[in-house]
Amino acid sequence: MNRAEATSRENINKYYTELYTVLIKYNLDDKTERNLNIDVTGVSKEHSPVKIFCSKNTKPQAVTSNRSTLTTIIAAENALGNHVQPYYDFKGKRWSPDVLNNAVPGAGGKMSETGWCNSQLFQTYMNNFFFIHIWTPDPEQPTRVLYNGHI
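Source: prediction; values computed, not measured.

Quick notes on the rules
- Residues numbered from 1 in each chain as written.
- Predicted model: local features only at pLDDT ≥ 70, side-chain atom pairs only at ≥ 80, totals over all residues.
- Heavy atoms only, no water.
- Helix = DSSP H or I, 4+ residues; strand = E, 2+ residues; numbered from the N terminus.
- Buried < 20%, exposed > 50% of the residue type's maximum accessible area, 1.4 Å probe, protein only.
- Contact = heavy atoms within 4.5 Å.
- Areas by Shrake-Rupley, 256 points an atom, 1.4 Å probe, with all protein chains shown as cover.
- Salt bridge = Lys/Arg side-chain N within 4 Å of Asp/Glu carboxyl O.
- pLDDT = per-residue confidence, 0-100.
- Patch = residues over 30% accessible without salt bridge, like charges linked within 9 Å, V, L, I, M, F, W, Y side chains within 5 Å.
- Core = buried A, V, L, I, M, F, W, Y, C linked by side-chain atoms within 4.5 Å.

1. Focus: the overall build of the protein
Here comes step 1: When helices and strands are tallied, the protein shows three helices and five strands.
Here comes step 2: Put simply, the protein runs from its N terminus to its C terminus through helices and strands in the order α-α-β-β-β-β-α-β.
Here comes step 3: Among the 151 residues that make up the protein, the fraction classed as buried is 26%.
Here comes step 4: Sequence separation of at least 24 residues holds for 60% of the intrachain contacts in the protein that already meet a minimum separation of 6.
Here comes step 5: Total accessible area computed for the protein in this model is approximately 11200 Å², and 52% of it derives from carbon and sulfur atoms.

In structure tokens, the structure reads:
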């Protein structure tokens, strides 16, 4: 219900009006390379959702099992296809660089108690990885980051 109310025509128009104001204010309206989207997703190595039976006119809710540990992946990209290498959060206690042996070159990560993304992990990602790896010919040029904001 909250999502439906938040996506009213009035709220969407307000969002795009504010977004346009920010783009103009910081001279980013024509700088596709400086407009990035960050997404955080969790993956489980053993995903076996339960089978749900319902009528063909009903959409079932997504149900997942909690049988295995979760790994969080944070990714950032712009509309040109430029991207920052992925950043992983694995469940564990002690970090070993060997964890990333078969990962994309330049990928980063850390270990946490849960493997779930939280505010502290996201702050670590931004300060210790994103800002270091973002491509920029001019560090003084602003960059707009859109984030799905569920933390």
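2. A closer look at the pattern of salt bridges
Here comes step 1: The final tally for this structure, using the stated rule, is two salt bridges.
Here comes step 2: In this structure, the salt-bridge partner of Lys31 is Asp30, at a minimum N-O distance of 3.3 Å.
Here comes step 3: Of the residues examined, Asp30 reaches a relative accessible area of 56% and is grouped as exposed.
Here comes step 4: One salt bridge in this structure joins Glu113 and Lys93, with 3.6 Å as the shortest N-O distance. Within this pair, whereas Glu113 is found in the loop between strand S4 (108–112) and helix H3 (119–133), its partner Lys93 is found in the loop between strand S3 (83–91) and S4, the two being separated by 20 residues in sequence. As far as burial versus exposure is concerned, Glu113 and Lys93 are alike and both exposed.

3. Details of the confidence of the model for the protein
Low pLDDT means the predicted coordinates in that region are not meant to be read closely.
Here comes step 1: Scored by pLDDT, the protein has a mean of 83; 85% of the residues are at 70 or more.
Here comes step 2: Ranking the elements of the protein by mean pLDDT puts helix H1 (residues 2–6) last with 77 and helix H2 (residues 9–25) first with 93.

4. Quick word on a nonpolar patch on the surface
Here comes step 1: Taken together, the side chains of Ile12, Tyr15, Tyr16 and Leu146 make up a nonpolar region of the molecular surface, amounting to roughly 370 Å² of accessible area.
Here comes step 2: Here the nonpolar patch takes three residues from H2, the largest share from any one element.
Here comes step 3: Tracing the sequence through the fold places Tyr15 in helix H2.
Here comes step 4: On the accessibility criterion, Tyr15 (40% relative accessible area) is partly exposed.

5. Considering the nonpolar core
Here comes step 1: Grouped together as the largest cluster of nonpolar side chains are 15 residues, with contacts concentrated most on Ile38, Ile74, Ala76, Phe122, Tyr125 and Phe130.
Here comes step 2: Contributing elements (two or more residues each) for this core: strand S1 (35–44), strand S2 (70–78), S3 and H3.
Here comes step 3: With six residues, H3 is the single largest residue contributor to this core.
Here comes step 4: Those residues in contact with Ile74 that sit more than four places away from it in its chain are Ile38, Asp39, Val40, Pro86, Tyr87, Cys117, Leu121, Phe122 and Tyr125.
Here comes step 5: Counting residues in each nonpolar core, the second largest holds five residues, with Phe90, Leu100, Ala107 and Met111 among its members.

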